[in-house]
Amino acid sequence: MDKNVWTEFLQHNWQIVQDNWLYILIGLVLLFVILNIVKTLVKWLIVIIVVAGLLIYSGISFEQVGKVVTQAKDDAINKVQSEALNMMIKESQNAKYTSNGDGTFSVTSSNLEVKGPFEGDKVKVWYQGMSLGEWSMSDTVKKYIESAKGLAVTQSPQSP
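Residues numbered from 1 in each chain as written. Predicted model: local features only at pLDDT ≥ 70, side-chain atom pairs only at ≥ 80, totals over all residues. Heavy atoms only, no water.

Enquirer: Whenever I open this one, the overall build of the chain confuses me. Can you help?
Expert: Helix and strand counts for the chain come out as five helices and five strands. Put simply, the chain runs from its N terminus to its C terminus through helices and strands in the order α-α-α-α-β-β-β-β-β-α. Split into buried and exposed, the 160 residues of the chain put 26% on the buried side. A separation of at least 24 residues holds for 44% of the contacts in the chain among residues at least 6 apart in sequence. Carbon and sulfur atoms form 62% of the exposed surface of the chain, whose accessible area is close to 11100 Å². (Helix = DSSP H or I, 4+ residues; strand = E, 2+ residues; numbered from the N terminus. Buried < 20%, exposed > 50% of the residue type's maximum accessible area, 1.4 Å probe, protein only. Contact = heavy atoms within 4.5 Å. Areas by Shrake-Rupley, 256 points an atom, 1.4 Å probe, with all protein chains shown as cover.)

Below you can see the structure in the form of structure tokens.
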């Protein structure tokens, strides 16, 4: 997660928090009371209303919250994609190449699965069972697939 986004967010809103600390404290106490007394769906509706009221009153815009959430999501996606690429490099020697009957191929290893058409420039990638979406054929992805193909050729039984 980008520290600059959080730093900017906190610097901008710290003065607002200092000016409105009493209202924020009352809102938090109200939330705890609601959470302890009300035990139904109404409880969560009231909590959402109180939190939204605190956010609106304190001057924190939904746009700022959206930026922080978007930045956190993008950072998480980039990190998972980076881990998947590193895993491709590590697991390329153990990958299994399968030619499907419908003009597509699959490459699987213990943590990764890559599927795509023979003549396409996009593949679908799964990392530890979680879909990472459609990726372009980067050099790392191509090497992973080619390594698995090479292993499939060397491991296939030789016909007489």
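Right, picking up where we left off after that structure.
Enquirer: I'm lost on a nonpolar patch on the surface in this one. Help?
Expert: Judged by side-chain polarity, Trp 21, Leu 22, Leu 25, Ile 26, Val 29, Val 33 and Ile 37 come together as a nonpolar surface patch covering roughly 700 Å² of accessible area. With respect to the element layout, Ile 37 can be found in helix α2 (residues 21-37). Residue Ile 37 is classed as exposed on the basis of its relative accessible area, which comes to 63%. (Patch = residues over 30% accessible without salt bridge, like charges linked within 9 Å, V, L, I, M, F, W, Y side chains within 5 Å. Salt bridge = Lys/Arg side-chain N within 4 Å of Asp/Glu carboxyl O.)

Enquirer: Would you take a moment to explain the environment of Val 80 for this structure?
Expert: Locating Val 80 in the fold gives a position in helix α4 (residues 62-91). Residues in contact with Val 80, not counting those within four places in the same chain, are Tyr 127, Met 130 and Leu 132.

Enquirer: Explain the sheet that holds strand β2 (residues 104-108) here, please?
Expert: Within a sheet, adjacent strands bond to each other through the backbone by hydrogen bonds, running parallel or antiparallel. Taken together, the five strands give an open sheet; going across it, the order is β1-β2-β3-β4-β5, and neighbouring strands pair in antiparallel fashion. In this open sheet, the two strands that pair with only one neighbour each are β1 (96-99) and β5 (130-136). Between one strand axis and the next, the sheet turns by 20 degrees as a mean value, whatever way the strands run. Here four bridges tie strand β3 (residues 112-117) to strand β4 (residues 122-127), and the two strands are oriented antiparallel to one another. Considered in β4, the bridge of Leu 112 is made with Tyr 127. (Pairing = 2+ DSSP bridges. Axes fitted to C-alpha atoms, helices over the stretch in contact; angles between N-to-C directions.)

Enquirer: Any chance you could explain the pairing of β5 here in plain terms?
Expert: It is a general feature of regular strands that their side chains alternate between the two faces of the sheet. Bridging between β4 and β5 involves six bridges; their strand directions are antiparallel. Across the sheet, residue Lys 124 finds its bridge partner in β5, namely Glu 134. Hairpin geometry of β4 and β5 is characterised by an intervening segment of two residues between the two adjacent antiparallel strands and by a positive phi of about 50 degrees at Gln 128.

Enquirer: Sorry if this is basic, but what is going on with the pairing of β2 here?
Expert: Most of β2 sits inside the fold, with four of its five residues counted as buried. Where β1 and β2 come together, four bridges link them in antiparallel fashion. Note that in β2 the partner of Lys 96 across the bridge is Thr 108. Linkage of β1 to β2, two consecutive antiparallel strands, is achieved through a turn of four residues, within which Gly 103 is found at a positive phi near 85 degrees. As paired elements, β2 and β3 share five bridges and run antiparallel to each other. In the sheet register, Val 107 faces β3, and the bridge partner there is Val 114. Count of turn residues in the β2/β3 antiparallel hairpin: three residues.

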